[in-house]
Amino acid sequence: MTEENFMTYTQDNDKLYRYLFQNRAVRGEWVRLNQSFVDTLNTHHYPTAVRNLLGEMLVATSLLTATLKFNGNITVQIQGDGPLRLALVNGNDQQQLRALARVEGAIDDNMSLQQMIGKGVLVITIAPTEGERYQGVIALDKPTITECLEDYFVRSEQLQTQLIIRTGEYEGQPTAAGMLLQVMPDGQGTPEDFEHLTTLAATVKDEELFGLTAEELLYRLYHEETVEVYPPQALSFFCGCSAERSGAALLLIPDAEIEEILAEHNGSIDMQCECCGTHYFFNKATIDKLKQA
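Residues numbered from 1 in each chain as written. Predicted model: local features only at pLDDT ≥ 70, side-chain atom pairs only at ≥ 80, totals over all residues. Heavy atoms only, no water.

Under the annotation held in an unreviewed UniProt entry, the protein carries the name 33 kDa chaperonin and is attributed to Haemophilus pittmaniae. What the UniProt record of the protein gives under Function (unreviewed entry) is the line "Redox regulated molecular chaperone. Protects both thermally unfolding and oxidatively damaged proteins from irreversible aggregation. Plays an important role in the bacterial defense system toward oxidative stress." (UniProt positions renumbered as here; feature names shortened; annotations may be inferred.)

Attention now goes to the environment of I74. Here I74 lies in strand β3 (residues 72-80). As for I74 and T199, which are separated by 125 residues in sequence, their C-alpha atoms are 29 Å apart. Residue contacts for I74: discarding those within four places in its chain leaves T61, L64, T65, L68, V89, N90, G91, I124, T125 and I126. (Helix = DSSP H or I, 4+ residues; strand = E, 2+ residues; numbered from the N terminus. Contact = heavy atoms within 4.5 Å.)

Here we come to the sheet that holds strand β7 (residues 134-139). Across the sheet, six strands lie side by side as β7-β6-β3-β4-β5-β12; this open sheet has mixed pairing. Both outer strands of the open sheet, β7 and β12 (236-237), are each paired with one neighbouring strand and no more. Two strands pair when backbone bridges link them, and strand β5 (residues 96-103) and β12 are joined in this way by two bridges, in the parallel orientation. Note on β12: the bridge partner recorded for L97 is F237. In the packing of helix α2 (residues 48-67) onto the sheet, contacts are made with β3, β4 (84-92), β5 and β6 (120-128), and the angle to β4 comes to roughly 30 degrees. (Pairing = 2+ DSSP bridges. Axes fitted to C-alpha atoms, helices over the stretch in contact; angles between N-to-C directions.)

So, on to helix α4 (residues 145-157). Between the first and last C-alpha of α4 there are 17 Å, a value that for 13 residues agrees with the 18 Å anticipated at 1.5 Å per step. Along α4, the residues classified as buried are I145, T146, C148, L149, D151, Y152 and F153. Within two residues after α4, Q158 carries a phi angle of roughly 55 degrees, on the positive side. (Expected span 1.5 Å × (residues − 1). Buried < 20%, exposed > 50% of the residue type's maximum accessible area, 1.4 Å probe, protein only.)

All right, on to the packing of helix α9 (residues 255-264) against helix α10 (residues 284-292) then. When two helices pack together, their arrangement is captured by the angle between the axes and the distance separating the axes. Across the interface, α9 lies against α10 with an axial gap of 11 Å and an inter-helix angle of 160 degrees. Between α9 and α10, the angle is such that the two are roughly antiparallel. You can see that α9 and α10 cross each other, and the crossing is right-handed. From α9, D255, I258, E259 and L262 reach across to α10, where they touch K284, I287 and K291. Here the residues of the contact of α9 with α10 sort into three nonpolar, no polar and four charged. (Parallel < 35°, antiparallel > 145°, perpendicular 65-115°, else oblique. Left-handed = near helix turned anticlockwise from the far one by under 90°. Nonpolar A, V, L, I, M, F, W, Y, C, P; charged D, E, K, R; others polar.)

Quick look at the domain arrangement of the protein now. Along its sequence, the protein is carved into domain 1 (3-237) and domain 2 (243-291). For domain 1 and domain 2, the distance between their C-alpha centroids amounts to 36 Å. Both sides of the domain 1 and domain 2 interface together cover about 560 Å² of buried area, and 46% of this is carbon and sulfur. R102 is the partner of E274 in a salt bridge, and the nearest nitrogen-oxygen pair spans 2.6 Å. Summed over the shared surface of domain 1 and domain 2, the number is four residue pairs in polar contact (both at pLDDT 80 or more). The dominant element in the side of domain 1 that touches domain 2, judged by the number of residues it contributes, is β5, at four residues. Of the residues contributing to the side of domain 1 that touches domain 2, the split by class is three nonpolar, four polar and two charged. (Domains from an automatic or database assignment. Buried area = accessible area lost by both parts, 1.4 Å probe. Salt bridge = Lys/Arg side-chain N within 4 Å of Asp/Glu carboxyl O. Polar contact = N/O pair within 3.5 Å; in protein donor to acceptor, adjacent residues only side chain to side chain.)

In structure tokens form, the structure reads like this:
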């Protein structure tokens, strides 16, 4: 490929690209989250270390979803007994993402993954619209989420995979970006080809991942390769909460407990979505209407 043949983009923010190395039997993906990352954080004031971890998980979920040709969603979650009890990201085949974390304790900027999580596991749940649900449980026995996921691909998919994920700030805004390289499942890829391409990918700098267009980035890394780049897919934050869903959850609470909550809160129950922060208010009249529906 040549630099002058590239399409020009002002920015490739909130987009995912798939690409294929011709004659190498290796595929790749590149993604960058900007506004979608900001929207996902929304009204939450997470510690920096938690924010960065959610950024890594958002990038990983986007890349994982793009490797699967299916309609449905993927949930990547970490559960532990440390000050970070839960970190969860959900994404679907439309690249709609959401995330949340539950923090119970002090977390400073320099905490490692293990210090935040304590004893915990990484759980990946794949739920196709049609077909069987699959869940994989991964030990958090490596220093980073990236290394744990690479190990997951080797163990579960038997595919050599390289993940590069970076989080931080670019032009004053939270940014998360990443790349995935993977040997094609047809068995035609060689270890030498994969090693050659991953060695080049490992040279990428944060400012390149955060600031260049996909075309510029791929040219800098692979200008001697023949790379077929496919049209991008847009990413966005999408919560999916609603008054109806909140009402349905409220009806799972025993009547006596609902009456007690109403009495304690001046006749109104405030149900706030953990992902986006939206408030849904219910009084006795609206709850009675829900019961009759």
